[in-house]
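# Structural description and commentary
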Amino acid sequence: MENSAKKNTAKNQSKMAVVLAYEFKKMVWNKTFIITTILGPFFLAAITILPSLIAIKSMDRSNQRLNVGVYAPDETSRANAELLIVPAFRRMGWNASVSSDEPVLKAAVLGKSMDGYLRIPSSFPFESPTGELGWYSKSVTDLGVFSAIENQVSDIMVSARLMKAGADETYVRSLVKPVSIPVYKLSSTTGEDGKKTGTGDFLGVMFTCLGFCMLIYMTVILYGKEIGRSVVAEKSSKIVDILLSSVRSEDLLYGKLLGIGFAGLLQYAVWIGFTLAILNVVGPAFHMQIPVIIGMDKFGWLVLFFIGGYLLYSSLYAACGAASEDEQHMAQLAMPIIFLLLIPMVMLQAFIQQPDSLLAVILSYFPFTSPMVMMIRVLVSPVPVWNILISLGILAVTVFVVVQLAARIFRIGIQMSGKNFSIKDIASWIKN
Amino acid sequence: MLQVSHVTKKYGSFTAVDDLSFSATPGKIYGLIGPNGAGKSTTIRMIMNILSPDSGSIELDGKPFSAEDSNRIGYLPEERGLYKKQKLNEVLLYLAALKGCSSRVAQVQIDYWLSRFDILEWKDKKVDTLSKGMAQKAQFTATILHNPDIVFLDEPFSGLDPVSADDLLAIVRELKDKGKLILFSTHVMEQAEKICDHIIMLNGGKKILDGDLGEIRKRHGKNTVTVRFSSYDALPGIDLSCAEFLSSLPMVAAVSEDGLAYSVTLATGFDSDSLLVALAGKARIDSFAVNEPSLHSVFVDIVQGKGE
C-alpha cells in the first residue's frame, strides 16, 4: 500500500494542470473553434479596414459615377438647368441629362438605368416654392449623394439670387466658395501633435469600436457559456463524482477557467497576428493603401480587457452552471449578468460621440462594463495610460473576488444534484 | 488501514450520518449495507474528501486524509457517467491523469482492462455509442486502471447482466487477493452476502451492525437445522415416528415437518453438532443443513429490536 502510494505521489502532477490541458485540448479540437479561428481574421480585417474604406466611399460621392436626371417643366428652367446644374454635376464626374418628361425619368429611375432625378421649378434658380423642388431616388438613405446635390443646388441658387440682387459674378463666386475643414486626431500616446485623417474617419472609428465591442462581447459570452455548459454536462452525466474523487473542486474550476481561457487567447493571437500580417506584409507587398485607425497598443489593451472580462464572466457562468441541472436554468441564472454586458452595446453610439461624458467615464471603471466602455474610450479619445491601468486594476481585483465567490458556489452547487437552485439558495451558500 | 472515528454529517436539521465509527484493513471486502437513505453514499463521499464531516475524523494509515491520497482511491459511483461526446480512450486517459497516472502507464492498463472486458474495439468510439452494459464496464475500468489501494464500489452490479456480473465479481475477488481494501456499498443484501467478508450495516445514519459475516450469522442464527432422511422406513430399530423420534432427543426444542425434511429448532445450550452426533448411526441422513440467517432477516430483527 505504502509503495504504490509513494509511486503515485511521485508522479503526481498538478491536478489543475491536468484539467487545464484537457479542457484546452477539448476546446481547441472542436469544429466550431477551428472555423471561428480561421474566419475570425477576415472578420477582424473587415471591422478594422473595410469600414474605413466604405465610410470614405460613401461620404465622398464626387468620385462615384452616377447617372442623374434633371426634370425641368418649361423652356426657361430647361435652359437654366443645362447652363447651371448639368456642368456642376459633371464636375463631380456624374452623368447628367435634362428632360421635361417626368414619367420617362421616373421609369428610368425605377428601371435602375438612372440613380435619381432632380425636379426643379420653373422659377429656378431664383425661387423654390414648397413641393416643387425635390430629389427623387429609389434610395432615400444615401446621405452622401443627397448632401452633394443639396450643396450644389444651394450654391447655384444662392449665387443666382446674389447676382440678381446686383452682385458681381466673380465676387459671388468667391463668397460661395465652399470651406473644407480637415479633421485631426490628437493622441497623447503616440506623442504626435495630430495626424490628419480621412473624411470617413468618424464612421471608421464607429465601426472599429463596434467591432471591438462585438469581439469582446461575443468571445466573453461564447467562452463563458462554454464553461457553464461543460459544468452542467459534468453534473448531468454524473461524471462529476469521479472528478471530485480525484481533484479538489477549486482545481477543477481554475483548470477549466484557464484551459478555456488559453484557448481564447490562442484565438485572439491568431486573429491579431493575421490582421497585422495583412496590414504590414500583404498590404505593402501589393502597394495597397490600407487606412488603419488603430495601432498595436490598441490590440494590447484589447487582449488585456478580454482576459479580465473573460475571467469575470466565465467564473460567474461556472457558478451558474454548478447551480443548474440543465442549460435552460443556467441561461436564466445568467440573464442578469448578460444585461450588464449589454449596456455598453446599447449605448455604444453615445459613448463614441461623448467618450468623456460622466456616464462613459463611470462605466469605464465599473468592472462589469469596463472591458468594453474603456476600450471605446481608448479608441476614440486620448485616455491617459494610467486611467486605463486603474480600470484594469479595478477589474483585476473584482476578478479575484468574484472567482473566490464562484469557487464557493461551485464547490457546493456541483455536488447538489437533482434540483435547480435559485439565486436565494446560491446566496445562502455564499454565506455559509 | 482506513479508520473512521465518530463521524457525523448533517444537512440542515437532517442527520445523514450519525457518530459513525469503523475500521477497515486491506485484503478484505467490506460491505457497507443498509436501505436507501441509510447514509452509505454520504459516508463514502466523506471518506473521499468530497464532503467534509461536521465532526469526527477519517484517517488513512494513521494520517488524516490529504489531497494526494485521492490517487490511492478508485471510485465507482452509483450514478454512472462519462463524457458522452468524447472518445472512450481519451476520457479514460484523462481520468487516469487526474489520479496522477502517466499516459504511458495508463494506456497499458486501459488496453488490458478493455480487452479483458471484451470492449477493446470500442476504445476509439464515442462514449454515447456504448451500450449500458459496456458503459458500466468502461466505468469500472476507470475505477481501477490507476491501480488504487482502496476501491469504493457503489452498487457495482446494478444494470449488469448475470454473466457480466460474474465477471465483475471475479475481478473484485482478484483485487482482494492482491491486498486491496474494497468497500462495497449496496442496498441489495443478498449481493453483500455473496461477496463480503465483513459487514457494516447502517440505518438512518447510525451503525447498527459491524462484524465478520460468519460471526454475524452465528450470532444472529435462529439455531435451526434442516434434516432430511432417506425415508421413514429406513430408521431401523426405532418404533417412533420420525417427528416423534426427533422430539424425543434432549437437544431438540421443536420440530416441524416439511415433506420429507424436518426443521429442527435446537434447545438452548445445544449446538447443531450435538444433534448430528445423536442422529449418527440411528438414521440414514440425506442432508443436514445448519440454517444461516439472511442479512435481510438480521437487519429486520435488529430494526425491530429483537437483535443486538
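Just so it is clear, the model here is predicted, and its values are computed rather than measured.

## Here we look at the overall build of chain A
For chain A, the count of helices and strands is 18 helices and 6 strands. Buried residues in chain A amount to 46% of all 432 residues. Taking the contacts inside chain A whose residues are at least 6 apart along the sequence as the reference set, 75% of them involve residues at least 24 apart. For chain A, the exposed surface amounts to about 21,400 Å²; the carbon and sulfur share of it is 64%.

## As for the interface of chain A and chain B
If you look at the interface, chain A gives 27 residues, while chain B gives 36 residues. Taken over both partners, the interface formed by chain A and chain B buries close to 3,100 Å², and the fraction arising from carbon and sulfur atoms is 55%. Applying the counting criterion to the chain A and chain B interface returns 1 salt bridge. With its nearest N and O atoms 2.6 Å apart, the salt bridge here joins D241 of chain A to R45 of chain B. The tally of links between chain A and chain B comes to 9 residue pairs in polar contact (both at pLDDT 80 or more). Within the residue set of the side of chain A that touches chain B, elements represented by two or more residues are α1 (2-11), α2 (15-28) and α10 (239-246) of chain A. For the side of chain A that touches chain B, the per-class residue count stands at 11 nonpolar, 8 polar and 8 charged.

## Quick word on the sheet that holds strand β4 (residues 134-137) of chain A
Residue and element names in this part refer to chain A. With mixed pairing, 4 strands are arranged side by side in an open sheet as β2-β1-β3-β4. The open sheet has two free edges, formed respectively by β2 (95-99) and β4, since each of these has just one partner strand. For this sheet the average axis-to-axis angle between neighbouring strands, irrespective of direction, equals 25°. Here strand β1 (residues 67-71) pairs with strand β3 (residues 116-119) via 4 bridges, running parallel. Within β3, the residue paired with V68 across the bridge is G116.

## Notes on the pattern of salt bridges
Counted according to the given criterion, the structure contains 20 salt bridges over all chains. D251 of chain A is the partner of R248 of chain A in a salt bridge, and the nearest nitrogen-oxygen pair spans 3.4 Å. The partly exposed category is assigned to R248 of chain A, whose relative accessible area is 46%. Taking relative accessible area as the criterion, D251 of chain A reaches 17% and is therefore assigned buried. Between D18 of chain B and K206 of chain B there is a salt bridge whose closest N-O contact spans 3.0 Å. Linking D18 of chain B in strand β2 (residues 14-24) with K206 of chain B in strand β10 (residues 206-212), this pair joins segments that are 188 residues apart in sequence.

## Quick word on unusual backbone geometry
Each neighbour pair has its own omega, and for F124 of chain A with P125 of chain A the value is 5°, a cis peptide bond. Looking at where P125 of chain A falls in the secondary structure, it is placed in the loop between β3 and β4. The backbone of H6 of chain B shows a phi angle near 45°, a positive value even though the residue is not glycine. Looking at where H6 of chain B falls in the secondary structure, it is placed in strand β1 (residues 2-11).

Calculation rules
- Residues numbered from 1 in each chain as written.
- Chains lettered and ligands numbered in written order.
- Predicted model: local features only at pLDDT ≥ 70, side-chain atom pairs only at ≥ 80, totals over all residues.
- Heavy atoms only, no water.
- Helix = DSSP H or I, 4+ residues; strand = E, 2+ residues; numbered from the N terminus.
- Buried < 20%, exposed > 50% of the residue type's maximum accessible area, 1.4 Å probe, protein only.
- Contact = heavy atoms within 4.5 Å.
- Areas by Shrake-Rupley, 256 points an atom, 1.4 Å probe, with all protein chains shown as cover.
- Buried area = accessible area lost by both parts, 1.4 Å probe.
- Salt bridge = Lys/Arg side-chain N within 4 Å of Asp/Glu carboxyl O.
- Polar contact = N/O pair within 3.5 Å; in protein donor to acceptor, adjacent residues only side chain to side chain.
- Nonpolar A, V, L, I, M, F, W, Y, C, P; charged D, E, K, R; others polar.
- Pairing = 2+ DSSP bridges.
- Axes fitted to C-alpha atoms, helices over the stretch in contact; angles between N-to-C directions.

Any functional reading would require information beyond the geometric quantities listed.
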